[in-house]
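Descriptive structure summary
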Amino acid sequence: MGLSGKMVRDVEIKSDGDVFHEIFRYRPHHISTMSPGNIQNVDLHEGDWGTVGSVIFWNYTHDGKEKTAREVIEAIDEEKKLVRFKVVEGDLLQLYKTFIITVHVDTKGENNLVTWTLEYEKLNGDVEDPTTFMDFAIVVTKDIETHHLK
């Protein structure tokens, strides 16, 4: 098995898909109030919210440990409701040479489908696939959904 990988997972949400996309594009700093057990803080370090090239710094808890990630918004596709983040600093880069997170929302009819894609290159063959990180993304998705269904 090679060191590069791609993991994709879909999760259906009942809350508004457009709102979900807007949160990750324009208001990721609000996620800490929707999923406080997982996301403690999100700060804008460079640029403007919702623009390609902006740098966002995340404080989060994953696998029971406090962690950080500095990410650059690499791409935004408003038509596809897609935002892609490239991790440029932080805990994930202790295991992975590259780590790209894409969140895409498909809003057809009443069903909204959130698709998470993780693209990564492991530092070595001993590093596991980021399955628990994908689980983490799904839990945060469900927390955001619950918050908006209240």
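All values reported here derive from a predicted model rather than from experimental measurement.

Turning our eyes to something else, we now look at the pairing of strand β4 (residues 65-77). Pairing analysis gives eight bridges linking strand β3 (residues 55-62) to β4, with the strands arranged antiparallel. Residue pairing for β4: Ile56 is matched across the bridge by Glu71. Hairpin connection from β3 to β4: two residues lie between these consecutive antiparallel strands, with Asp63 at a positive phi of about 55°. In this sheet, strand β5 (residues 82-90) lies alongside β4 in antiparallel orientation, the contact comprising eight bridges. Of the residues in β5, the one forming a bridge with Val72 is Lys86. Two successive antiparallel strands, β4 and β5, enclose a turn made up of four residues, where Lys81 displays a positive phi of approximately 55°.

Our focus in this paragraph is helix α3 (residues 131-149). Relative to the 27 Å expected for 19 residues at 1.5 Å per residue, α3 spans 27 Å between its end C-alpha atoms, a close match to the ideal helical length. Among all positions in α3, only Phe133, Met134, Phe136, Ala137, Ile138, Val140, Thr141, Ile144 and Glu145 are buried.

Let's shift gears to the environment of Lys97. Along the chain, Lys97 falls in strand β6 (residues 96-108). Here Lys97 falls in the exposed class, since its relative accessible area comes to 55%. Along the sequence, Lys97 and Lys122 sit 25 residues apart, while their C-alpha atoms lie 5.7 Å from each other. Those residues within four positions of Lys97 in sequence are excluded, and the remaining contacts are Glu121, Lys122 and Leu123.

Enumeration according to the criterion identifies eight salt bridges in this entry. One salt bridge in this structure joins Lys142 and Glu145, with 3.2 Å as the shortest N-O distance. Taken together, the residues span about one helical turn, with Lys142 and Glu145 both in helix α3 at a distance of three residues. Using a relative accessible area of 7% as the deciding quantity, one classes Glu145 as buried.

Scanning the model with the defined rule gives one cavity of 30 Å³ or more in all. Estimates place the volume of the largest cavity at around 190 Å³. Taken together, 15 residues make up the lining of the largest cavity; nearest its centre are Trp58, Glu71, Ile101, Phe133 and Phe136. Elements represented by at least two residues in the lining of the largest cavity include exactly β3, β4 and α3. With four residues, the single largest contributor to the lining of the largest cavity is α3. Each residue belonging to the lining of the largest cavity can be placed in one class, and the counts come to 14 nonpolar, no polar and one charged.

Criteria and thresholds
Residues numbered from 1 in each chain as written. Predicted model: local features only at pLDDT ≥ 70, side-chain atom pairs only at ≥ 80, totals over all residues. Heavy atoms only, no water. Pairing = 2+ DSSP bridges. Helix = DSSP H or I, 4+ residues; strand = E, 2+ residues; numbered from the N terminus. Expected span 1.5 Å × (residues − 1). Buried < 20%, exposed > 50% of the residue type's maximum accessible area, 1.4 Å probe, protein only. Contact = heavy atoms within 4.5 Å. Salt bridge = Lys/Arg side-chain N within 4 Å of Asp/Glu carboxyl O. 1 Å grid on protein atoms, 1.4 Å probe; cavity = no way out; pocket = protein on both sides within 12 Å on 5 of 7 lines; lining within 4 Å. Points joined across faces, edges and corners; volume = space filled by probe spheres on them. Nonpolar A, V, L, I, M, F, W, Y, C, P; charged D, E, K, R; others polar.

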